[in-house]
Amino acid sequence: VDRVTSGQGEPVREQAFISRKENPINFHVAKADVTKSIKEGWNLEFGAKISVSDLANDNLVADLVNGSQVINETYTNLIDMDERISAAYVSTDYQLSEKTTAKAGLRFEHTDIALTSAAELLTARNYGRVFPTLFLAHNFNENNSLQIAYNERIQRPSLNVLAPAFFFFSPN
């Protein structure tokens, strides 16, 4: 029960409610990597990964009115997110000289995501992208080296962004 009173302690409003939040999250990941030495100083690496996740954000808020629960539609919802991320990569590193190493690679990621609420599709995204990586290092001596790198990455939202929560606080 939430009781709001005036500055003089007189009741302004009294509201009773119940709330429930459930967030079942399921992750399944499979990954394989292979490293092969082509010849001395030259290596090739490749691999693949798939990640499947399912997240439900089930919020229920009901006001207690005359002893009965009345669902509060403003705060009650059930949202499901299904996501599949597939990736494959290939990279190589090569010893150019005794002091210089070069690395290069490509990673392809494909994302398929669907967000639904009450069987209504809220959003769906299906896209793929290539991410390059280049790296060059030269060791001048034991204490000094020069490294130059270029890479592209993707950052995904954290789970608390994907499954936000409501918090109810009394002003008293």
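Above this text sits the structure in question.
Described in the following lines is the structure provided in the data block. (Residues numbered from 1 in each chain as written. Predicted model: local features only at pLDDT ≥ 70, side-chain atom pairs only at ≥ 80, totals over all residues. Heavy atoms only, no water.)

### So, the pairing of strand β5 (residues 42-65)
Here comes step 1: Pairing of strand β3 (residues 17-22) with β5, which is carried by 6 bridges, proceeds in the antiparallel orientation. Directly across from Ile18, in β5, lies its bridge partner Ala62.
Here comes step 2: Linking two consecutive strands that pair antiparallel, namely strand β4 (residues 25-39) and β5, is a turn of 2 residues; a positive phi of about 85° is found at Gly41 within it.
Here comes step 3: Sheet analysis places β5 next to strand β7 (residues 77-95), joined by 18 bridges and oriented antiparallel. Counterpart to Ser51 in the pairing with β7 is Ile85.
Here comes step 4: Two elements, β5 and strand β6 (residues 68-71), share 4 bridges in a ladder whose sense is antiparallel. Note that in β6 the partner of Asp63 across the bridge is Val70.
Here comes step 5: Where β5 folds back onto β6 in an antiparallel hairpin, the turn is made up of 2 residues, including Asn66, whose phi is positive at roughly 50°. (Pairing = 2+ DSSP bridges. Helix = DSSP H or I, 4+ residues; strand = E, 2+ residues; numbered from the N terminus.)

### Considerations on the pattern of salt bridges
Here comes step 1: Using the criterion set out here, one finds 5 salt bridges in the structure.
Here comes step 2: Salt-bridge contacts for Glu22 lead to Arg20; the nearest nitrogen and oxygen are separated by 3.8 Å.
Here comes step 3: With relative accessibility at 33%, the residue Arg20 sits in the partly exposed group.
Here comes step 4: The structure contains a network of salt bridges with shared partners spanning Arg20, Glu22 and Asp58. (Salt bridge = Lys/Arg side-chain N within 4 Å of Asp/Glu carboxyl O. Buried < 20%, exposed > 50% of the residue type's maximum accessible area, 1.4 Å probe, protein only.)

### Digging into the packing of aromatic side chains
Here comes step 1: Scanning all chains against the criterion turns up 1 aromatic pair.
Here comes step 2: Ring plane angle 85° and centroid distance 6.0 Å describe the contact between Trp42 and Tyr94, whose orientation is recorded as edge-to-face. Of the two residues, Trp42 is situated in strand β5 and Tyr94 in strand β7; the sequence distance between them amounts to 52 residues. (Phe/Tyr/Trp six-rings, centres within 6.5 Å; stacked < 30°, edge-to-face > 60°.)

### A closer look at the side chain of Thr100
Here comes step 1: If you trace the backbone, Thr100 turns up in strand β8 (residues 100-117).
Here comes step 2: Setting aside residues up to four positions removed in sequence, Thr100 forms contacts with Tyr94, Gln95, Leu136, Ala137 and His138. (Contact = heavy atoms within 4.5 Å.)

### A few points about the side chain of Asn59
Here comes step 1: With respect to the helices and strands, Asn59 occurs in strand β5.
Here comes step 2: In this structure the side chain of Asn59 is engaged in a polar contact, spanning 3.3 Å, whose partner is the side chain of Lys21. (Polar contact = N/O pair within 3.5 Å; in protein donor to acceptor, adjacent residues only side chain to side chain.)

### Digging into a nonpolar patch on the surface
Here comes step 1: Taken together, the side chains of Ile38, Trp42, Tyr94, Leu96, Leu136, Phe140, Leu146 and Ile148 define a hydrophobic patch exposed on the protein surface, amounting to about 730 Å² of accessible area.
Here comes step 2: Along the chain, Phe140 turns up in the loop between β9 (120-139) and β10 (145-151). (Patch = residues over 30% accessible without salt bridge, like charges linked within 9 Å, V, L, I, M, F, W, Y side chains within 5 Å. Areas by Shrake-Rupley, 256 points an atom, 1.4 Å probe, with all protein chains shown as cover.)

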